[in-house]
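Per-entry structural report
This is what each chain is made of:
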Amino acid sequence: MEYVYKTQGTCSTNIELNVEDGVVKEVAFWGGCNGNLQGISRLVRGMKVEEVIAKLEGVRCGGRPTSCPDQLCHALHEMGY
């Protein structure tokens, strides 16, 4: 299933996801600190959704109340995971 999530409180504006059978197939962050986000995209590709949420949910970015990895978890929850 493909999904586009509009982020809140991060340097990224949108997250595009492709999840199949509970496994993250592809993640693309639009805007933001591109190098770090590409690394996160590579890290989670092929991981089970539960593992991604366990590792990244609640991660903060500096003084911000949220981060792009945390917003990725919000997107996965909105998808029903």
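Each value, and the rule that gives it
The numbering scheme is per chain: residues are counted from 1 as the chain's sequence reads. Local features in this predicted model are restricted to residues of pLDDT 70 or higher, and side-chain atom pairs are both shown and tallied only at a pLDDT of 80 or more, whereas totals for entire chains, interfaces and linings draw on every residue. With hydrogens and water stripped out, all remaining heavy atoms of the structure feed into the side-chain values. Like-charged residues are merged into a patch within 9 Å and nonpolar side chains (Val, Leu, Ile, Met, Phe, Trp, Tyr) within 5 Å, provided each residue has over 30% relative accessible area and no salt bridge. The method behind every accessible area is Shrake-Rupley, applied with a 1.4 Å probe, and residues are considered shielded solely by the protein chains displayed. Any Lys or Arg side-chain nitrogen located within 4 Å of an Asp or Glu carboxyl oxygen qualifies as a salt bridge. Residues scored as positive are Lys and Arg, those scored as negative are Asp and Glu, and His as well as the terminal groups of each chain are ignored. To locate a charge, take atom NZ for lysine, CZ for arginine, CG for aspartate or CD for glutamate. To qualify as a helix, a DSSP run of H or I must reach at least 4 residues; to qualify as a strand, a run of E must reach at least 2; elements of each kind are numbered from the N terminus. The pairing criterion for strands is at least two bridges between them, as found by DSSP. For helices, the fitted axis covers only the stretch in contact; all axes are lines through C-alpha atoms, and the angles between them, taken along N-to-C directions, range from 0 to 180 degrees. In what follows, residue pairs with any heavy atoms lying within 4.5 Å of each other are defined as contacts. Here's how the labels work: a residue is buried when its accessible area is under 20% of the maximum for its type, exposed when over 50%, partly exposed in between, all with a 1.4 Å probe on protein chains only. What makes a nonpolar core is a set of buried Ala, Val, Leu, Ile, Met, Phe, Trp, Tyr and Cys residues whose side-chain atoms join them at distances within 4.5 Å.

Another aspect to go through is a negative patch on the surface. A contiguous patch of negative charge on the surface is contributed by E2, E16, E20 and D21. With respect to the element layout, D21 can be found in the loop between β2 (12–20) and β3 (23–31).

Glancing now at the sheet that holds strand β1 (residues 2–6). The three strands are arranged β1-β2-β3 in an open sheet whose pairing can be described as antiparallel. The open sheet has two edge strands, β1 and β3, and neither has a second partner. Going from strand to strand, the sheet's axes swing by 20° on average, the running direction of each strand aside. Sheet analysis places β1 next to β2, joined by five bridges and oriented antiparallel. When the sheet's bridge partners are listed, E2 is paired in β2 with N18. Set on the sheet, helix α3 (residues 68–78) makes contact with β1, β2 and β3; between it and β2 the angle comes to about 50°.

Along the chain, N18 turns up in strand β2. Relative accessible area serves as the criterion here: at 18%, N18 is assigned to the buried category. Residues contacting N18, with those up to four places away along its chain left out, are M1, E2, V23, V24, K25 and E26.

Formed by 21 residues in total, the largest nonpolar core has its most connected members in L17, V27, F29, V44, V52, L72 and L76. Sorting elements by how many residues they give to this core places α3 first, with five residues. Setting aside its immediate chain neighbours within four residues, L17 contacts M1, E2, Y3, E26, V27, L72, A75, L76 and M79.

Attention shifts here to the pattern of salt bridges. When the charged atoms of two side chains lie near each other, side chains of opposite charge can form a pair. By the definition in use, this model includes one salt bridge. Residue R45 pairs with E26 through a salt bridge whose shortest N-O separation is 3.2 Å. Note that R45 is positioned in the loop between α1 (34–44) and α2 (49–56) and E26 in strand β3, a separation of 19 residues in sequence.

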